[in-house]
Amino acid sequence: MAVSYNGVTKSFRGRLVLDGISDVVNEGELTALLGPSGSGKSTLLKIIAGLIPLDSGRVSLAGKDVTNTPARDRHIGFCFQDYAPFRHLSLRENVAYGLKVQHVARAQRREQVDELLRLVRLEEFAEQYPHQLSGGQRQRMALARALAIKPDVLLLDEPFAALDAQVRAELRSWVHSLQQELGITTILVTHDQVEAMEIADRLVILNAGKIEQAGRPSFVYDHPATEFVASFLGPITSLGGISYRPHELELVSTNEPGETLEVREVVRLGFEVRVILGEGEGPTTWVQLTHDQAKHLNPRVGERFGVRVRSLKSSSSQSSPTRESTR
Amino acid sequence: MRRSSLVLRVLVVAYVGALLALPLGFVFQQAFSHGWVQLWAALHDHAMDLAIVLTAKVAILAVPLNVLFGVGVSLWIVRRPSRVSRVLDVVIDVPLALSPIIVGLVLELAYAQNGWFGSAFAAMGLRVMFSYPAIVLASVFVSLPLVSRQVIPLLREVGDHQEQTAATLGAKPTRIFFTITMRSIAWAAAYGVTLTLARVIGEYGAVLIVSGNIALITQTLTLNIGANFDNFNSYQGFVGALLLALVSVLVLTVIGVSRHRLERKRHGSFV
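Throughout this document, residue positions are counted from 1 along each chain, in the order its sequence is written. As they are written, the chains are lettered A onward and the ligands numbered 1 onward, keeping that order. Restriction of local features to residues with pLDDT of at least 70 applies here, the model being predicted, together with a cutoff of 80 or more for giving and counting side-chain atom pairs; totals for whole chains, interfaces and linings are based on all residues. Each side-chain value is worked out from all heavy atoms of the structure, with water and hydrogens disregarded.

**Describing the overall build of chain B**
Next, step 1: Each helix is a run of H or I in the DSSP string that is no shorter than four residues. Each strand is a run of E no shorter than two, and both are numbered from the N terminus. Looking only at helices and strands, chain B has 14 helices and zero strands in total.
Next, step 2: Starting at the N terminus and ending at the C terminus, chain B contains elements arranged as α-α-α-α-α-α-α-α-α-α-α-α-α-α.
Next, step 3: Taken over the C-alpha atoms alone, chain B extends approximately 70 × 65 × 35 Å along its principal axes.
Next, step 4: For this analysis, residues touch if any pair of their heavy atoms sits within 4.5 Å. The long-range fraction of contacts in chain B, counting pairs at least 24 apart against all pairs at least 6 apart in sequence, stands at 74%.

As structure tokens, then:
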């Protein structure tokens, strides 16, 4: 179900958190609300869910105005960053809560809960209590609980932030495939640009209560509308006063025409090799090489190289190969 | 080092013994000093039995009132903070800081026949002072913060995410209160109830002033014990004291259990 909000404004104790922002989230899409902490992204998510009132603006679901509809009637699944497990209820009872509210008959309820637990791969933990589960398991429990009411929209507030790196990566791709399988309109809040780029169909980049840019991840990455978006989505460096992504630049031998710079530092990060170059007291330039390129050129501190912008074709294919293949 | 810690332990045990165990032991010894037959007779003392009934009647009304108020005010202070609720958060502790005698005097000022509210009640033909309502009022007053002081920190710690999640799952506020909120604060409330019960049963000063201490009519168990000692009927007083001591042992047990459960709940949920 499509979600749209128009001119949403919200202040907390005189501090403007959301400054009249508007957007439309298409049916079945996964949108990532991306921004630094304090940018208002979580507040926006709670306003869409109806958990906090807005000062002005409208929120619509499938074209129907729900601005004054209480959260319980919006039919929106919501997962908090801390998963908010009902501590005194077993995993099964947690998942069944929404069905009980809807007075689903016992036998049917049991069947549906079993199915959901299978979906989130927690069948064998059904009778356990939240404190007996790991972070990742609690996260999946929260997801199953939200999905139990067959929501039209799923809202996830920093769903992976509290997990360690490996579990986070696993759950991220799992949630992504689940979302695609169910085709449920999803809005996910995150401050992690890699996470957003990896699973979102669309990015909405928030800063200080305003939308800086919205669009497909690869497009936003390649064509940042503002300096903020450019630096937030990935590292930027400058060459001759113009901003570039470090991988958009390449090193060429001093035989080629053009100015040269001196290598200051070479950092090998596994597959990637970071080369920092400069001239005298002037600004440094960061050139990102692949392992193979670095092996071929073999830059050493003190050597001189020409620096130039890679041809457009290779640059765009490199910027987000995964995105191009999944779309 | 070891020697000094041993000395310290002996000192602590001796201190607690002199302050607590000896006097309590003395109460038991005195109550049983005349044998079982006498004790049985003393337990059937008419004035004391009426006092016990009155104390029970006061507790039956004062404790639920305190729970209702305590839970309600805690929710207000934590979930709907405002300037008024923040003031209340401080004011609510006044009964703990105030001597019970002052509480009694203030209540008398307010509710006496010619007092601020008392005159209004008198006009309706109701007498508040020196009667059952006055004792309940004084008991509620002195134990006012005991439930909320237990519930407020727990409500803060638990946060409102569970309640908000329940709302997105379609639950109405009353259902959320009974299935989520009440379940998370149940042990804290229970602990508060036992503290309130102990305070209500044991209160002396405030009740002494507002009840008028009329034997057979407005005399609670503590007042009855006091009166017996005053009237050189100390054996009867010790029997009453024995009953109070037994009640406090029971209350302490319940407090111990509920506090244990509460702590396990708090720590267990973050494993």
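Here the narrative resumes, following the displayed structure.
**A few points about the overall build of chain A**
Next, step 1: A count of helical and extended segments in chain A gives eleven helices and 17 strands.
Next, step 2: In terms of principal-axis extent, the alpha carbons of chain A reach across some 80 × 45 × 35 Å.
Next, step 3: By residue count, 51% of the 327 residues in chain A fall in the buried class.
Next, step 4: Long-range pairs, those at least 24 residues apart, make up 64% of the contacts in chain A between residues at least 6 apart in sequence.
Next, step 5: Surface accessibility in these figures is a Shrake-Rupley result with a 1.4 Å probe; residues are shielded only by whichever protein chains are displayed. When the accessible surface of chain A is summed, it comes to about 15400 Å², and 49% of that surface belongs to carbon and sulfur atoms.
Next, step 6: Across chain A, the mean location of the 38 positive side-chain charges is 6 Å away from that of the 40 negative side-chain charges. Between buried and exposed lies partly exposed: a residue is buried under 20% and exposed over 50% of the maximum accessible area for its type, with that area taken using a 1.4 Å probe on protein chains only. Asp and Glu count as negative and Lys and Arg as positive, but His and the ends of the chain are not part of the count. To locate a charge, the coordinates of NZ of Lys, CZ of Arg, CG of Asp or CD of Glu are taken.

**Observations concerning the sheet that holds strand E16 (residues 285-290) of chain A**
Residues and elements named next belong to chain A.
Next, step 1: Any two strands are treated as partners once DSSP identifies two or more bridges connecting them. Read across the open sheet, the five strands follow the order E13-E17-E14-E15-E16; overall the sheet is antiparallel. One side of each edge strand has no neighbouring strand; the edge strands of this open sheet are strand E13 (249-252) and E16. Strand-to-strand, the axes of this sheet are offset by a mean angle of 45°, without reference to chain direction.
Next, step 2: Relative to strand E17 (residues 304-309), strand E14 (residues 260-269) runs antiparallel, the two sharing three bridges. Each bridged residue has a counterpart across the sheet, and for Glu-262 the counterpart in E17 is Arg-304. Note on geometry: axes are C-alpha line fits, over the in-contact stretch for helices, and angles between N-to-C directions span 0 to 180 degrees.

**Quick look at the pattern of salt bridges**
All names here are of chain A.
Next, step 1: By definition, a salt bridge exists where a carboxyl oxygen of Asp or Glu is found within 4 Å of a side-chain nitrogen of Lys or Arg. For the structure shown, the criterion picks out 17 salt bridges over all chains.
Next, step 2: For the salt bridge of Arg-202 with Asp-23, the shortest nitrogen-to-oxygen distance reads 2.7 Å. Residue Arg-202 is found in strand E9 (residues 202-207), and its partner Asp-23 is found in strand E2 (residues 15-25); the two are separated by 179 residues along the sequence. For the pair Arg-202 and Asp-23, a shared accessibility class is recorded, and that class is buried.
Next, step 3: The salt bridge partner of Lys-41 is Glu-158, with a shortest N-O separation of 3.9 Å.

**Observations concerning the sheet that holds E2(A)**
All names here are of chain A.
Next, step 1: One open sheet holds the four strands; their spatial order is E2-E1-E4-E5, and the pairing between them is antiparallel. Each having just a single partner strand, E2 and strand E5 (64-65) make up the two edges of the open sheet.
Next, step 2: Packing against the sheet, helix H1 (residues 41-49) makes contact with strand E1 (3-12), E2 and strand E4 (56-61), and its axis sits at approximately 120° to E1.

**Quick look at the pairing of E17(A)**
Next, step 1: Sheet topology note: the E13(A)/E17(A) ladder contains four bridges and is antiparallel. Bridge pairing in E17(A) places A:Val252 opposite A:Gly306.

**Quick notes on the interface of chain A and chain B**
Next, step 1: At the junction of the two partners, chain A supplies 23 residues and chain B supplies 24 residues.
Next, step 2: For the pair chain A and chain B, the summed buried surface comes to about 2300 Å²; carbon and sulfur atoms form 56% of the total.
Next, step 3: What counts as buried area is the accessible surface, traced by a 1.4 Å probe, that two parts surrender upon association, with contributions from both included. Considering only the side of chain A, the residues that lose the most area to chain B are A:Arg72, A:Arg87 and A:His88, jointly responsible for 32% of the buried surface there.
Next, step 4: There are zero salt bridges connecting chain A and chain B.

**Things to note about the nonpolar core**
All names here are of chain A.
Next, step 1: Formed by 45 residues in total, the largest nonpolar core has its most connected members in Val-95, Leu-143, Leu-203 and Leu-233.
Next, step 2: In terms of residues, this core owes the most to one element, helix H4 (residues 135-147), which gives six residues.
Next, step 3: To form a nonpolar core, buried Ala, Val, Leu, Ile, Met, Phe, Trp, Tyr and Cys residues must be joined to one another through side-chain atoms within 4.5 Å. Among the nonpolar cores identified, the runner-up in size contains 41 residues, and Val-17, Leu-18, Leu-44 and Ile-149 belong to it.

**What to know about helix H1 (residues 2-31) of chain B**
Residue and element names in this part refer to chain B.
Next, step 1: Compared with an ideal rise of 1.5 Å per residue, which puts 30 residues at 44 Å, H1 spans 41 Å between its outermost C-alpha atoms and is within 8% of the ideal.
Next, step 2: Residue Gly-17 marks the point of greatest curvature in H1, where the axis turns by about 50°.
Next, step 3: Looking only at H1, the buried set comprises Gly-17, Val-27 and Ala-31. Multiplying one less than the number of residues by 1.5 Å gives the expected span of a helix. Values of bend correspond, residue by residue, to the angle between axes fitted over the seven residues ending at that residue and the seven starting there.

**Observations regarding the layout of surface pockets**
Next, step 1: We place a 1 Å grid over just the protein atoms. Points where a 1.4 Å probe fits but has no way out form a cavity, open points with protein on both sides within 12 Å along at least 5 of 7 lines form a pocket, and any residue with an atom within 4 Å of a point lines it. Grid points are joined across faces, edges and corners, and a volume is the space filled by probe spheres set on the points. Here the largest pocket defines a volume of roughly 1100 Å³.
Next, step 2: Every element with two or more residues in the lining of the largest pocket is listed here: E1 and H1 of chain A together with helix H3 (46-79), helix H10 (161-168) and helix H11 (173-202) of chain B.
Next, step 3: Each residue gets one of three labels, nonpolar for Ala, Val, Leu, Ile, Met, Phe, Trp, Tyr, Cys and Pro, charged for Asp, Glu, Lys and Arg, and polar for the others, Gly among them. Along the lines of polarity and charge, the residues of the lining of the largest pocket split into 17 nonpolar, seven polar and eight charged.

**Re empty space enclosed by the protein**
All names here are of chain A.
Next, step 1: Within the structure shown, the criterion is met by three cavities of 30 Å³ or more.
Next, step 2: Quantified by volume, the second largest cavity comes out at close to 60 Å³.
Next, step 3: Secondary-structure elements contributing two or more residues to the lining of the second largest cavity are strand E7 (153-157) and helix H5 (165-182).
Next, step 4: Counting residues per element, the lining of the second largest cavity draws most heavily on H5, at four residues.
Next, step 5: For the lining of the second largest cavity, a count of residues per class yields eight nonpolar, two polar and no charged.

**Regarding the domain arrangement of chain B**
All names here are of chain B.
Next, step 1: What the domain assignment reports for chain B is domain 1 (1-31) and domain 2 (36-270).
Next, step 2: Taken together, the six residues of domain 1 in the interface contact eight residues of domain 2.
Next, step 3: Summing the contributions of domain 1 and of domain 2, the shared interface buries around 580 Å²; its carbon and sulfur component is 85%.
Next, step 4: Ranking the residues of domain 1 by area buried against domain 2 places Val-27, Phe-28 and Ala-31 at the top, with a combined share of 72%.
Next, step 5: In this structure, the connection of domain 1 to domain 2 is made through zero salt bridges.
Next, step 6: For this analysis, a polar contact is any N or O atom pair within 3.5 Å, provided that within protein one partner can donate a hydrogen and the other can accept it, and provided that sequence-adjacent residues contribute only side-chain to side-chain pairs. Where domain 1 meets domain 2, there are one residue pair in polar contact (both at pLDDT 80 or more). As used throughout, domain bounds are those supplied by an automatic or database domain assignment.

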